[in-house]
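Here's the letter readout for the chains.
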Amino acid sequence: MLISFEGIDGCGKSTHIEKVKSYLTEKGYDVHVFREPGGTPVSEKIRDILLNSKDDIHPLAESLLFSAARAQLVATSIRPLLEKGAIVILDRFYDSTTAYQGYGRQVIPVPDIERLNALATQNLEPDLTIYLKIDPEMAYRRRLEVREEDRMERAGPAFFQRVSAGFDALAAREQRIVALDSSRSPEETFQAIIDHLEKKLPR
Ligand code: TMP
């Protein structure tokens, strides 16, 4: 089973992913978590370019780099684990490319980004996507509390408004995406995640 978590930076994804991992592990499932971009040695090197490079990266090159990192992770880690019956949890997947590089950058048309996503994943789709929805302003304040901004986060408030609207559009279109209000308490959000997850778990 493949579960992805999505949302703009500062939505609280990483905290919930750790809790969901513990919850499922305690229930006896074989659970693996990967972050995107990243999760394999090659993909982590690509992550470093994408998040820490001081050079300008053209939106098409950026989209291809995110996709290259993903192609490596899917082929070498995710598929083999799914074939063994494991649960794989992804801290972001291709919806992030649609939202950030498609809706956010507004250079490459969204349908082109979606073709790229299908190629990189060889049509692998999540069984469930949890989209943690938060106001971009609130997310910005949360981010500043934690750490310095990376290359993507420096794109500015208008960019994050567009990314957020992009995730909303995807959630309205795709049945597998569940949008959850992440401005509530962490306990309430976690319980909502578990309620949706329980409906999908293999028995
Ligand atoms: P993270 O901070 O959640 O690990 O994500 C890394 C950054 O990369 C975050 O700003 C979102 C961005 N990103 C994209 O722009 N496109 C993508 O396809 C992915 C996976 C992440």
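Residues numbered from 1 in each chain as written. Predicted model: local features only at pLDDT ≥ 70, side-chain atom pairs only at ≥ 80, totals over all residues. Heavy atoms only, no water.

With that settled, consider the overall build of the protein chain. Within the protein chain, the regular secondary structure consists of eight helices and five strands. When the elements of the protein chain are put in sequence order from the N terminus, they spell out β-α-β-α-α-β-α-α-β-α-α-β-α. A globule of 203 residues ought to have a C-alpha radius of gyration of about 17 Å, and the protein chain, at 16 Å, matches this closely. If one aligns the C-alpha atoms of the protein chain with their principal axes, the spans along those axes are about 45 × 35 × 30 Å. Here the protein chain holds 203 residues, and 50% of them are scored as buried. Sequence separation of at least 24 residues holds for 79% of the intrachain contacts in the protein chain that already meet a minimum separation of 6. Per element, the accessible surface of the protein chain, about 9900 Å² overall, is 52% carbon and sulfur. Side chains of the protein chain carry 28 positive and 32 negative charges; the gap between the two charge centres is 1 Å. (Helix = DSSP H or I, 4+ residues; strand = E, 2+ residues; numbered from the N terminus. Rg over C-alpha atoms; globule rule 2.2 N^0.38 Å. Buried < 20%, exposed > 50% of the residue type's maximum accessible area, 1.4 Å probe, protein only. Contact = heavy atoms within 4.5 Å. Areas by Shrake-Rupley, 256 points an atom, 1.4 Å probe, with all protein chains shown as cover. Lys, Arg positive; Asp, Glu negative; His and termini not counted. Charge placed at Lys NZ, Arg CZ, Asp CG, Glu CD.)

Okay, the site of the ligand next. Neighbouring the ligand are 14 residues, the closest being Asp 9, Arg 47, Arg 92, Thr 97 and Gln 101. Separating an oxygen atom of the ligand from a side-chain N or O atom of Arg 92 is a distance of 2.8 Å. In the environment of the ligand, a nitrogen atom lies 2.8 Å from a nitrogen or oxygen atom belonging to the side chain of Gln 101. Protein burial of the ligand: of its 480 Å² of free accessible surface, 95% is covered by the chains. With respect to the pocket detection grid, the ligand is positioned in the largest pocket. Every element with two or more residues in the shell around the ligand is listed here: helix 2 (41-52), helix 3 (59-83) and helix 4 (94-104). By residue class, the composition of the shell around the ligand is five nonpolar, three polar and six charged. (Near = heavy atom within 4 Å. Polar contact = N/O pair within 3.5 Å; in protein donor to acceptor, adjacent residues only side chain to side chain. 1 Å grid on protein atoms, 1.4 Å probe; cavity = no way out; pocket = protein on both sides within 12 Å on 5 of 7 lines; lining within 4 Å. Sits in = over half its atoms within 2 Å of the grid points. Nonpolar A, V, L, I, M, F, W, Y, C, P; charged D, E, K, R; others polar.)

Ile 3, Phe 5, Leu 24, Ile 89, Tyr 100 and Leu 197 are the most contacted members of the largest nonpolar core, which totals 40 residues. Of the residues forming this core, the biggest block, six residues, is contributed by helix 7 (residues 157-173). Ignoring any residue separated from it by four or fewer positions in sequence, one finds Tyr 100 in contact with Gly 7, Ile 8, Asp 9, Arg 92, Arg 105, Met 152, Phe 159, Phe 160, Val 163 and Phe 167. Ranked by size, the runner-up nonpolar core spans twelve residues in total, among them Phe 34, Leu 73, Tyr 94 and Leu 124. (Core = buried A, V, L, I, M, F, W, Y, C linked by side-chain atoms within 4.5 Å.)

Attention now goes to the sheet that holds strand 5 (residues 177-181). Overall, parallel pairing links the five strands, which are arranged 2-3-1-4-5 in an open sheet. Each of the sheet's edge strands pairs with one partner strand only, and the pair in question is strand 2 (31-35) and strand 5. Strand-to-strand twist across the sheet, computed as the mean angle between neighbouring axes with direction ignored, equals 20 degrees. Examined bridge by bridge, strand 1 (residues 2-6) and strand 4 (residues 128-133) share four bridges and lie parallel to one another. Bridged to Ser 4 within strand 4 is Thr 129. Each of strand 1, strand 2 and strand 3 (87-91) is contacted by helix 3, which is oriented at about 165 degrees to strand 2, the strand it contacts most. (Pairing = 2+ DSSP bridges. Axes fitted to C-alpha atoms, helices over the stretch in contact; angles between N-to-C directions.)

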